[in-house]
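Here are the chains, one letter per residue:
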Amino acid sequence: MSDDLIKELCNTPGVPGFEQEISKIVLREIENSCVAHLKDPMGNLIFQVNDTIKNAPVILIDAHMDEVGFLVSHIEENGMIRVIPLGGIDPKLFYGQRLTIWGKKKVEATVAAIPPHISDKSSNTSTPVEDCLIDCGISFKKLKSIIKVGDQVTFSTECIIDNDRILSKSLDDRIGLYVLLETVKKINKKNLKCNLFASASVQEEMGLRGARIINSKVRPDFSIALEGTVSNDLPGIPPHKKLAQLGNGPEIRISDKYLIADRFFNKHIENIARNKKIKYQLTAKNAGGTNSTAFQVTGEGSKATVMSVPVRYLHSPSSVCLTKDVQLTIKLLTATIQNIHRFKDE
């Protein structure tokens, strides 16, 4: 594993609509491993990984480049800042956090918190993100020369990798993006019996916006969204609510709020995992959603599923995943691509 690449992906800012710095990393890492690529008007990167094989199946693997975050929406006359959320962020989690505002230069700030000495202890309500005050401690005049409405804002936490774990913001979906990059770089292109495409998509956290226009360009037979997925494997949680669990390998998703994965495709992946002795887990849930939904129903459609690294505390300043789950996901994805020509629709 490349710890440095994971850290670079996680620490580089890229909220929806601001994926350009992540895009540069993606191009640097895999442009020379592919035969062609394009960048569409929305900013999606689409790579043709191997030379075209006539009458071979087309498989698309995708990971989104954006992370949940915020946009500056207003600057008060006293120098306080207001933001709006981009993506699903719990207001209770937002209160009191350190943030980074990416203006003309990087500015550290904090979400204003009322000291417990004077807070209303009888109130259990959370202040909406857009009503919170962001305090830089910088005068209005100086602040206006650095920061403007529309600047992106991220959590300030930096990626830590040690003790076989990764602790970071933005593991949704930088860990899925890492899986994609490593797979494209290391897979043996000459032995492929399929047409492999990879996309690094934009604005997933705002309603799968980038993914909706990729199918028309690739026209895949099969598609796999690569994700960091919700793990709720905590003490006191009933087993049926734990979902994916850390240490049990990649999640193969059966369903979520917007997807019923292709069951024959899933069965094919399961058979590969068992034959290769790769640990995996199945999840069926009615919450969440991924780009797989868009790949399944846009254009001419595709046989779609999701393969994910389990992550605790998704969409928070500090999510957790295990390096062995990342490695197993790369292994299973690689084996799936190498054996997709053996798929039987039955």
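These lines cover the structure that appears in this document, whether it is placed above or below. (Residues numbered from 1 in each chain as written. Predicted model: local features only at pLDDT ≥ 70, side-chain atom pairs only at ≥ 80, totals over all residues. Heavy atoms only, no water.)

1. Description of unusual backbone geometry
- Note that the residue after Asp172, namely Asp173, is joined by a cis bond; omega there is 10 degrees.
- Positive phi outside glycine occurs at Leu208, with the angle close to 60 degrees.
- Mapping Leu208 onto the fold places it in the loop between β12 (195-201) and α6 (215-218).
- If you check the backbone angles, Tyr313 has positive phi at about 65 degrees while not being a glycine. (Helix = DSSP H or I, 4+ residues; strand = E, 2+ residues; numbered from the N terminus.)

2. Thoughts on the packing of helix α1 (residues 3-11) against helix α5 (residues 171-186)
- Between α1 and α5, the least distance of the axes is 9 Å, while the angle of their chain directions is 140 degrees. With respect to their mutual orientation, α1 and α5 come out oblique. Seen from above, α1 lies across α5 with right-handed handedness. In this structure, α1 contributes Leu5, Ile6, Leu9 and Cys10 to the contact, and α5 contributes Leu171, Arg174, Ile175, Leu177, Tyr178, Leu181, Glu182 and Lys185.
- Its residues assigned to classes, the contact of α1 with α5 comprises nine nonpolar, no polar and three charged. (Axes fitted to C-alpha atoms, helices over the stretch in contact; angles between N-to-C directions. Parallel < 35°, antiparallel > 145°, perpendicular 65-115°, else oblique. Left-handed = near helix turned anticlockwise from the far one by under 90°. Contact = heavy atoms within 4.5 Å. Nonpolar A, V, L, I, M, F, W, Y, C, P; charged D, E, K, R; others polar.)

3. Some thoughts on the nonpolar core
- If you look at the biggest cluster of nonpolar residues, it comprises 56 residues, and the most contacted ones within it are Val26 and Ile61.
- Sorting elements by how many residues they give to this core places α5 first, with eight residues.
- Filtering out sequence-adjacent residues up to four positions away, Val26 remains in contact with Glu31, Leu45, Phe47, Met65, Leu177, Leu181 and Ala200.
- One finds Val83, Phe94, Ile134 and Val153 within the second-largest nonpolar core, a separate group that totals 22 residues. (Core = buried A, V, L, I, M, F, W, Y, C linked by side-chain atoms within 4.5 Å. Buried < 20%, exposed > 50% of the residue type's maximum accessible area, 1.4 Å probe, protein only.)

4. Regarding the pairing of strand β11 (residues 165-168)
- Burial along β11 is one-sided: the face carrying Ile166 and Ser168 is buried and the face carrying Arg165 and Leu167 is not.
- Taking the residues that link successive antiparallel strands as the turn, the strand β10 (residues 160-162)-β11 hairpin has two residues, and the phi of Asn163 there is positive, at about 50 degrees. (Pairing = 2+ DSSP bridges.)

5. With respect to the state of the cysteines
- Following the criterion strictly, the structure yields zero disulfides and no others.
- This cysteine, Cys34, is not joined by any disulfide, and Cys194 carries the nearest cysteine sulfur, 13 Å off. (Disulfide = S-S within 2.5 Å.)

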